[in-house]
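A structural walkthrough
In case you want the letters, here they are:
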Amino acid sequence: MENIEKLKEYYKKVCSPLIFVNETHLTDNKSAKVFLYNFSTEEELYNFKKVFQEYLPFYVLNLDLIEGYTVDDTISEQLVKDAKFIYENDITPTRKTGVNGIFGELYNDYYIKNVLNDEILLQYLSRKDFNSPDSESKGIDVVACNAKNGKLEIIMSEAKFVGNLSTAKNNLKDDISGPTGHLNKGYINKYMNFVMYRQEGLDKRRSKEIQKLVTEFNAKKWSEKLDFIDCINELDCSCRFIYFAVFKQCQKRDIKDFESEILEIVQEFNQNIASTGINNYSIEVVFIPTFNESMTLKRKMEEW
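The shown structure was predicted, so the numbers you read here are calculated from the model rather than taken from an experiment.

Cut-off values and rules
- Residues numbered from 1 in each chain as written.
- Predicted model: local features only at pLDDT ≥ 70, side-chain atom pairs only at ≥ 80, totals over all residues.
- Heavy atoms only, no water.
- Helix = DSSP H or I, 4+ residues; strand = E, 2+ residues; numbered from the N terminus.
- Rg over C-alpha atoms; globule rule 2.2 N^0.38 Å.
- Buried < 20%, exposed > 50% of the residue type's maximum accessible area, 1.4 Å probe, protein only.
- Contact = heavy atoms within 4.5 Å.
- Areas by Shrake-Rupley, 256 points an atom, 1.4 Å probe, with all protein chains shown as cover.
- Lys, Arg positive; Asp, Glu negative; His and termini not counted.
- Charge placed at Lys NZ, Arg CZ, Asp CG, Glu CD.
- Pairing = 2+ DSSP bridges.
- Axes fitted to C-alpha atoms, helices over the stretch in contact; angles between N-to-C directions.
- Right-handed = clockwise from strand over helix to strand, strands pointing away.

Section: the overall build of the chain
- For the chain, the helix and strand inventory stands at 12 helices and 7 strands.
- At 19 Å, the chain has a C-alpha radius of gyration in line with the 19 Å of a compact globule built from 304 residues.
- When its C-alpha atoms are laid out on the principal axes, the chain stretches across 55 × 45 × 35 Å.
- Scored against the burial criterion, the 304 residues of the chain give a buried share of 55%.
- In the chain, 77% of the contacts between residues at least 6 apart in sequence involve partners at least 24 apart.
- Surface accessibility of the chain: about 13600 Å² in total, with carbon and sulfur atoms responsible for 48%.
- Both charge centroids of the chain, one from 40 positive and one from 48 negative side chains, sit 1 Å from each other.

Spelled out as structure tokens, the structure:
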């Protein structure tokens, strides 16, 4: 675990300041935040490329492989070399740049684990369908966990990396209540039942406190044959839903310029959350407006 902790410190020190800076909140909603950095277009291209390529191995690989990294002056070179291998082989889906979901999902994962410091609950490879190496895994994009007031908190997050604010808003609203939306009781139970039974090996990457809560949750869930939401409610646990989007907006970058879209997402969430039956929940909306076009950024990240 020592090397993993060193690697996480490297990300926080070197990579986080390249994107996750100048966090700005709506005045009356601290759970709505926009990262309003002011890099030049060239700086922004470099920053997104560096974070994507250096974080990809941590996002994708198993614990034993991550633990094998030597965190020294060559760590950037090590990570990029392995990222290239991962990206060009069937470890990640091979899809056209414009529709490859890994871009938004990776930054979403980075935000949750390295900015919020929440902990892993489902690994990328666990989502991947072995029989379909060239297609993306379906499901909630990032699932993590934490402790809140001594109880287990489950984080479910959806991510978008798209062309503009309007598309980001509409796509996230679709994830809430569209035809294939995930904010409903049947889907959450089915997907999270899948997640909770795939915890072997992940315990070594979590704190003892979090692992104890996950173990208690799964023990009750299994012994009483409970669905996920019933177990959440009986243990007085909670769920946090994060809606995360990267999109171009190089002008109108005051926090107020994003307020109406954020409030639409929150309203859509509030209109649908009751139907899930979850007693304790919260919502967070996270925007990263960029100066470059989304496709320009994605192509840059694919430059090796």
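The discussion continues.
A word on the sheet that holds strand E6 (residues 238-248)
- Across the sheet, which stays open at both edges, the 7 strands sit in the order E1-E2-E7-E6-E5-E4-E3 with mixed pairing between neighbours. Two strands lie at the open edges of the sheet, namely strand E1 (23-26) and strand E3 (119-120), each paired on one side alone.
- Strand direction decides the pairing type here: strand E2 (residues 29-35) and strand E7 (residues 281-290), joined by 3 bridges, are parallel. Bridge pairing links Ala32 to Val285 in E7.
- The strands touched by helix H9 (residues 208-223) within the sheet are E3, strand E4 (142-148) and strand E5 (151-162), with E4 carrying the most contacts at an inclination of about 105°.

Remarks on the pairing of E6
- Burial within E6 is extensive, with 10 of its 11 residues counted as buried.
- Looking at chain direction, E5 and E6 are connected through 10 bridges and run parallel. Residue Glu153 lies in a different strand from E6, and its bridge partner there is Ser238.
- Relative to E7, E6 is paired through 10 bridges, and the arrangement is parallel. Opposite Phe244, over in E7, you have Val286 as the bridge partner.
- Handedness of the E6-helix H11 (residues 259-273)-E7 crossover: right-handed.

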